[in-house]
Amino acid sequence: MTSNPMTNTKVYEGFTVTDTPMTIAGAVNKSMGLLAIVILTACITWYLAYAGFGDKTYMLMIGGAIGAFILAVITAFKPQHSKPLSIGYAALEGLFLGGISAVFNMQYPGIVSQAVVATFCTMFVVLALFKAKVIRATEAFRSTLIGATISIAVIYGISILLSLFHINALSGALASGSGFSIAFNAIVVIIASLNFILDFDFIEKGAEMGAPKYLEWYGAFSMLVTLIWLYIEILKLLAKLNSRRN
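Let me begin by describing the structure that accompanies this report.

**Considering the packing of aromatic side chains**
The description of an aromatic ring pair uses the distance of the two centres, along with the angle that the planes make with each other. Enumeration according to the criterion identifies seven aromatic pairs in this entry. Residues Tyr89 and Phe221 carry aromatic rings whose centres are separated by 4.7 Å and whose planes lie at 75° to one another, so their mutual orientation is edge-to-face. Pair noted here: Tyr89 is in helix 3 (residues 82–107) and Phe221 is in helix 8 (residues 215–245), with a separation of 132 residues, a long-range link. Of the residues examined, Tyr89 reaches a relative accessible area of 5% and is grouped as buried. Taken together, a centroid distance of 6.1 Å and an interplanar angle of 90° make the contact between Tyr156 and Phe184 edge-to-face. Here Phe184 lies in helix 7 (residues 179–209) and Tyr156 lies in helix 5 (residues 139–164), a separation of 28 residues in the sequence. Across the pair, exposure class does not vary: Tyr156 and Phe184 are buried alike. Lying over the aromatic face of Phe53, Lys56 brings its terminal NZ or CZ to 5.1 Å of the ring centre. Cation over ring: Arg136 sits above Phe130, and NZ or CZ is 4.7 Å from the ring centre.

**Side note on the environment of Leu35**
By the element assignment, Leu35 lies in helix 1 (residues 24–50). Since its relative accessible area comes to 22%, Leu35 is described here as partly exposed. Leu35 sits 206 residues away from Leu241 along the chain, and the two C-alpha atoms are 27 Å apart. Leave out the neighbours within four places in its chain, and Leu35 touches Phe120, Leu224 and Leu227.

**Regarding helix 1**
Along its 27 residues, helix 1 runs 39 Å from first to last C-alpha, staying within 8% of the 39 Å computed at 1.5 Å per residue. Along helix 1, the residues classified as buried are Gly26, Ala27, Lys30, Ser31, Leu34, Val38, Thr41, Ala42, Thr45, Leu48 and Ala49. Directly beyond the C-terminal end of helix 1, a positive phi value near 90° is found at Gly52.

**A few points about the nonpolar core**
Formed by 59 residues in total, the largest nonpolar core has its most connected members in Tyr89, Ile111, Phe196, Ile197, Phe200, Leu224 and Leu235. Among the secondary structure elements, those contributing two or more residues to this core are helix 1, helix 2 (54–77), helix 3, helix 4 (111–131), helix 5, helix 7 and helix 8. In terms of residues, this core owes the most to one element, helix 8, which gives 18 residues. Those residues in contact with Ile111, other than ones at most four positions away along the chain, are Phe104, Asn105, Leu235, Leu238, Ala239 and Asn242.

**Details of the pattern of salt bridges**
Scanning all chains against the criterion turns up seven salt bridges. Taken together, the shared-partner salt bridges connect Glu139, Arg142, Asp201 and Lys205 into one network.

**Considering the layout of surface pockets**
There is about 1,500 Å³ of room inside the largest pocket. Every residue lining the largest pocket is counted, 38 residues in all, and those nearest its centre are Phe96, Tyr156, Ile160, Ile232 and Lys236. Put simply, the parts of the chain that give the lining of the largest pocket at least two residues each are helix 2, helix 3, helix 5, helix 6 (169–175), helix 7 and helix 8. With nine residues, the top contributor of residues to the lining of the largest pocket is helix 8. Residues belonging to the lining of the largest pocket are distributed by class as follows: 24 nonpolar, ten polar and four charged.

Rules used in this analysis
- Residues numbered from 1 in each chain as written.
- Predicted model: local features only at pLDDT ≥ 70, side-chain atom pairs only at ≥ 80, totals over all residues.
- Heavy atoms only, no water.
- Phe/Tyr/Trp six-rings, centres within 6.5 Å; stacked < 30°, edge-to-face > 60°.
- Helix = DSSP H or I, 4+ residues; strand = E, 2+ residues; numbered from the N terminus.
- Buried < 20%, exposed > 50% of the residue type's maximum accessible area, 1.4 Å probe, protein only.
- Lys NZ or Arg CZ within 6 Å of the ring centre and 35° of its normal.
- Contact = heavy atoms within 4.5 Å.
- Expected span 1.5 Å × (residues − 1).
- Core = buried A, V, L, I, M, F, W, Y, C linked by side-chain atoms within 4.5 Å.
- Salt bridge = Lys/Arg side-chain N within 4 Å of Asp/Glu carboxyl O.
- 1 Å grid on protein atoms, 1.4 Å probe; cavity = no way out; pocket = protein on both sides within 12 Å on 5 of 7 lines; lining within 4 Å.
- Points joined across faces, edges and corners; volume = space filled by probe spheres on them.
- Nonpolar A, V, L, I, M, F, W, Y, C, P; charged D, E, K, R; others polar.

Here is the structure:
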């Protein structure tokens, strides 16, 4: 989960217009390509989990999560190399998503398909609102959203850090099926979905300015980061709601 530093408009500074500038269609096509890679590698850990290879699944999940995080950080500072980095990120993130999705689906059958549908429906609704100019990426909107996203990242970071010292009060509260936990998760889902506005705005402005072609990969990567974050948060929210019914 990140505040999508890839959508920082400073990335546009200092470039010259090229003969082959980025386009919206190009960024969308690359987003679909990266998503296909995620799905392909996710099938590996999904299969291993259902085949009973728990140790291998866990190893690939952890390795994928750590590797994807490292590549995401590098990409944020090296946008000119975003093509190979984003492809590697998608492949590694898929290993994590396949395993974690299988775990949730074993506990709550059908929850993954529900989360997938909800994620894409949310993305298309936000896209429609953006195209209709109901929601615009103004400076005030950008600052508020990035601040909220960073705050969530800090909370999750503190929770993980405390867990390393076997202090599980915060992580337990966030993972429980309590009303507080569900409300917090719902707020995170809203904030994650609004990050699409920054992604769409980044790609649109880049195309209008004739930004370099490689920024299509940069924008596609940013959209994938948001999409994966939203999917995970929706998956967690659905699991909490299901736990209250049982």
